[in-house]
Amino acid sequence: MSKRVYITGIGIVCAIGNNVHETLQSLLTEKSGIGEITLFPTIHKGVIPLAEVKLSNKQLQTELGFHGAKNFTRTALLGMKAAREAVESASITDIKSSKTGLVSATTVGGMDRSENFYSCFLKNPKKGRLVDVINHDCSDSTERIAGFLKIKDFVTTISTACSSSVNALMFGSSLIKAGQLDRVIVGGNDAVTRFTLNGFNTLMILDKTGCHPFDENRAGLTLGEGAAFLVLESEDIVAREKKRVLAEVSGYGNANDAYHQTASSPEGKGAYLAMAKAIEMSGLNPADIDYINGHGTGTENNDLSEGIAMERIFGNFVPPFSSTKGYTGHALGAAGAIEAVISVLAIQNRVIFPNLNFSTPMKELKIRPVTVLRTHCEINHVLSNSFGFGGNNSAVILSKV
Amino acid sequence: MNNIQIYINGLGNVSPQKTIDAKHFLDEPLSYETNRLKSIDPGYKEFIPVELIRRMGRIIKMSVTASKICLEDAGRVHTDGTLLPPEAIITGTGLGCLEDTEKFLASMINNKEEFLTPTSFIQSTHNTVAGQIALLLKCHGYNFTFVHRGFSFESALLDALIQLRMGEFSNLLVGGSDEITSNSFAIMDRMGHWKQKPIQSLTLLYDSQRGTIAGEGASFFFLQNVKNERTRAEIKGLSTLLHPSSISEITEKCLEFLTSNSLTPGDIGLVIPGLNGDPRFDRVYHDFIADIFPRTPIACFKHLCGEYHTATAFALWMATMILNKQSVPLVIRWKSEVSFPLNNILIYNHYRNMEHSFILVARA
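Residues numbered from 1 in each chain as written. Chains lettered and ligands numbered in written order. Predicted model: local features only at pLDDT ≥ 70, side-chain atom pairs only at ≥ 80, totals over all residues.

K.L.:
Explain the overall build of chain A to me, using residue names and the numbers behind them.
P.N.:
Looking only at helices and strands, chain A features 12 helices and 10 strands. A compact globule built from 401 residues would reach a C-alpha radius of gyration of about 21 Å, and chain A, at 20 Å, matches this within 12%. When the 401 residues of chain A are sorted by exposure, 65% land in the buried category. By sequence separation, contacts in chain A at least 24 residues apart represent 79% of the contacts at least 6 residues apart. (Helix = DSSP H or I, 4+ residues; strand = E, 2+ residues; numbered from the N terminus. Rg over C-alpha atoms; globule rule 2.2 N^0.38 Å. Buried ≥ 20, exposed ≤ 12 C-beta atoms within 10 Å, placed from the backbone. Contact = placed C-beta atoms within 7 Å.)

Spelled out as structure tokens, the structure:
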């Protein structure tokens, strides 16, 4: 049993950086990762932008030290890269020294390869290379990471659409608090695929000019990809090994909007409940929150209901907030973990990252996001939101220690 | 934390057997000549608004129905007949909403990314099941979905036990579900998962061909931290083991799990292994049983529901019913006579020798 859960390592690969250092530099220099589609052939190339990770599968594979064909999905490659960086950053030399688990998250798993399999399979059910579909299910990338990092004591995978990896962080924290494990690597990974690109396109929520979160003239989200992992450790390990603590997981909450399969309720009920639960668990007052990293996808529906929920919780004193999806795009199952890492970076570097592509405040809201980099900020508590299909709403509070 | 007892106070099970009415307990087992078992349509119209049925994939229909039966079984019914939502919903699924995923994938490929409609994409996400249950019950609580092959239901159950024991909730709904489609059956067939010829499903465990039979189902449980007149059994806990390298690693893990529950193998009155008729994988169960449960009575379940990632949810339904009724239906008996009162049942399962799990259930 551990009352407190600490973050002792972080790792990331996303559209604006292949590691934590590069990601931070891009955030500080307002460098967006949104650009033209290069990863796969699609009729949307040149029309809809994406926030791709700037590494090919081959480059990822080489960097991870795999030679020859290993049949990895892009999702798994991204996951292994970010998880390895997290474990290294936590200075873990022997993963077996403490009871360690892995809780990962993804929305489409190995779909990047399944969709290739399927085009052959549909023509002839005897065709299509099985190695392209055998890694389809969501647990594949998790077990690949576990094997790669020799994590054995517990593994599982969460898939709750766009809130998946914040939920992984929550479940990992629960496992430590319950005394099931002493250390849990938590996070998520998702590669961008034609499946998701076309799926979101049918909903007509992809902004052809790149996303404009919290802006009156926002026209939808920009899909991204990547992976991010955080090392969570118990009080015991931190005390015994005198570990460097990056932040503490001080509160979290998950609630269901129970309004519609994809749309958020106009009053943001689920979002409100998730934030309220997280604040309650942390024992803080709303006024103690110094920065909110919003879900802020740039869709008409999300940003409005999230904004309304923030105004309901914080009244006239909504803390500085921004969405960093103008940098990273919306990396679905990895988004929550990417933003948790960005939140840790905000605490460590005492900065608030700006909300890119904002010009006009939303007419329904009194609040507006931070649009210029703020430095030398005293950031003790960051609230990070992640909301998904199925009414799945999550919020987590990370605190300076 | 472990001294808080958790009870199974309601259950609902949609499967290839007649399991929706808890008054009957496998007294009329069905045998099919097939290598792919399908769940029986329980008459969805009784449970789901007709306008929604049309749009829902089978896994959603099975799960919504099983969860409603479960809540009714737990007595969670208002005087006006509506259901009282649980405080949380936690589900596990290996492959999620396959039918919708395939539908969207096929239309994307066939129509070359043009003229697509969103419904099947929207419903393809793995948490559609838990989301739809929440939507229909107006449940605003915690809503989680685990998707990890043979750990999918186990992870959901572990989360449920942790949340209840830590006092986050006093009750919740937990379940496991999977659907098999013609395409997923065909793909796994090419991977060598299934028997090459149809067999009488009830004879599965005696069949010597390679492969098993595909299955599906949705089994839901209402868990509470109090015992009441609806209580059917007590759920003690579970343990998981990834990719063990030897039988002794499995037996060690099992003994460690029993010890943590202050039990020894001699305290287990019945073991339910996940034998699935595939000699390549059943060997593990036989060695395990010979190692620590050589004289313990054994009952089996996959000849009734087939093999799928969340089949242990069916096994938990069966174990709960056995403990509640204090009887073991003929169709599941495999070895030795059970002596009553029967106090503890151990479920041991592995999915293709990758994800191994133990679930312990006790008489309440």
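K.L.:
I'd love a proper account of the interface of chain A and chain B, names of residues and values included.
P.N.:
Between chain A and chain B, the residue contacts involve 52 residues of the former and 48 residues of the latter. When residues of the side of chain A that touches chain B are traced back to their parent elements, those giving at least two are α4 (111-123), α5 (139-149), β3 (154-158), α6 (164-177), α7 (194-202), β6 (247-256) and α9 (269-282) of chain A.

K.L.:
How would you sum up the packing of α9 of chain A against helix α10 (residues 300-314) of chain A? Please name residues and give values.
P.N.:
Residues and elements named next belong to chain A. Contact geometry for α9 and α10: axes closest at 8 Å, N-to-C directions at 45°. On the basis of their axis angle, the class for α9 and α10 is oblique. For the pair α9 and α10, the sense of crossing is right-handed. Between α9 and α10, the contacting residues are Ala271, Tyr272, Met275 and Ala276 on the first element and Ser305, Glu306, Ala309, Arg312 and Ile313 on the second. Grouping the constituent residues of the contact of α9 with α10 by class yields six nonpolar, one polar and two charged. (Axes fitted to C-alpha atoms, helices over the stretch in contact; angles between N-to-C directions. Parallel < 35°, antiparallel > 145°, perpendicular 65-115°, else oblique. Left-handed = near helix turned anticlockwise from the far one by under 90°. Nonpolar A, V, L, I, M, F, W, Y, C, P; charged D, E, K, R; others polar.)

K.L.:
I'd like a rundown of the nonpolar core, residues and numbers included.
P.N.:
In terms of nonpolar packing, the biggest core is built from 236 residues, with Ile7, Leu230, Val341 and Val396 of chain A together with Leu223 and Ile272 of chain B touching the most fellow members. Residue contributions to this core peak at 11 residues, all from helix α11 (residues 311-325) of chain B. Contact partners of isoleucine 7 of chain A, with chain neighbours within four places excluded, come to Leu230, Val231, Leu232, Leu246, Ala247, Glu248, Val249, Val344 and Leu398 of chain A. (Core = buried A, V, L, I, M, F, W, Y, C linked by C-beta atoms within 7 Å.)

K.L.:
Which residues make up the domain arrangement of chain A, and what values go with them?
P.N.:
All names here are of chain A. Domain boundaries assigned for chain A yield domain 1 (5-240) and domain 2 (253-399). Counting residues at the interface gives 60 residues for domain 1 and 53 residues for domain 2. When residues of the side of domain 1 that touches domain 2 are assigned to their parent elements, the largest contribution, seven residues, is made by α6. Broken down by class, the residue content of the side of domain 1 that touches domain 2 amounts to 31 nonpolar, 22 polar and seven charged. (Domains from an automatic or database assignment.)

K.L.:
Tell me about unusual backbone geometry, and name the residues and values.
P.N.:
Leaving glycine aside, a negative phi is the common case for residues, and trans is the common case for peptide bonds. Here the amide bond leading from phenylalanine 340 of chain B into proline 341 of chain B is cis, since omega sits at 0°, within 30 degrees of zero. Take proline 341 of chain B: it is sitting in the loop between β11 (333-335) and β12 (344-351). If you check the backbone angles, arginine 350 of chain A has positive phi at about 55° while not being a glycine. With respect to the helices and strands, arginine 350 of chain A occurs in the loop between α12 (335-349) and β9 (381-388). Backbone geometry at asparagine 357 of chain A places phi at a positive 60°, although glycine is not the residue there. Tracing the backbone shows asparagine 357 of chain A in the loop between α12 and β9.

K.L.:
Describe the domain arrangement of chain B, with residues and values.
P.N.:
All names here are of chain B. Once the domains are mapped, chain B shows domain 1 (6-224) and domain 2 (237-362). Between the C-alpha centres of domain 1 and domain 2 there is a distance of 22 Å. Taken together, the 46 residues of domain 1 in the interface contact 37 residues of domain 2. A per-element tally of the side of domain 1 that touches domain 2 places helix α6 (residues 152-165) first, with six residues.

K.L.:
Could you give an account of the pairing of β3 of chain A, naming the residues involved and the relevant values?
P.N.:
Residues and elements named next belong to chain A. In terms of residue burial, β3 counts as a mostly covered element, since five of its five residues are buried. Of the pairings in the sheet, the one linking strand β2 (residues 100-105) to β3 comprises five bridges and is parallel in character. Bridge assignment links serine 104 to a residue of β3, and that residue is threonine 157. (Pairing = 2+ DSSP bridges.)

K.L.:
Describe the environment of lysine 45 of chain B, and please don't skip the residues or the numbers.
P.N.:
All names here are of chain B. Mapping lysine 45 onto the fold places it in the loop between β2 (33-34) and α1 (50-53). Given 10 C-beta atoms within 10 Å, lysine 45 falls into the exposed group. With 43 residues separating them along the chain, lysine 45 and alanine 88 place their C-alpha atoms 25 Å apart.

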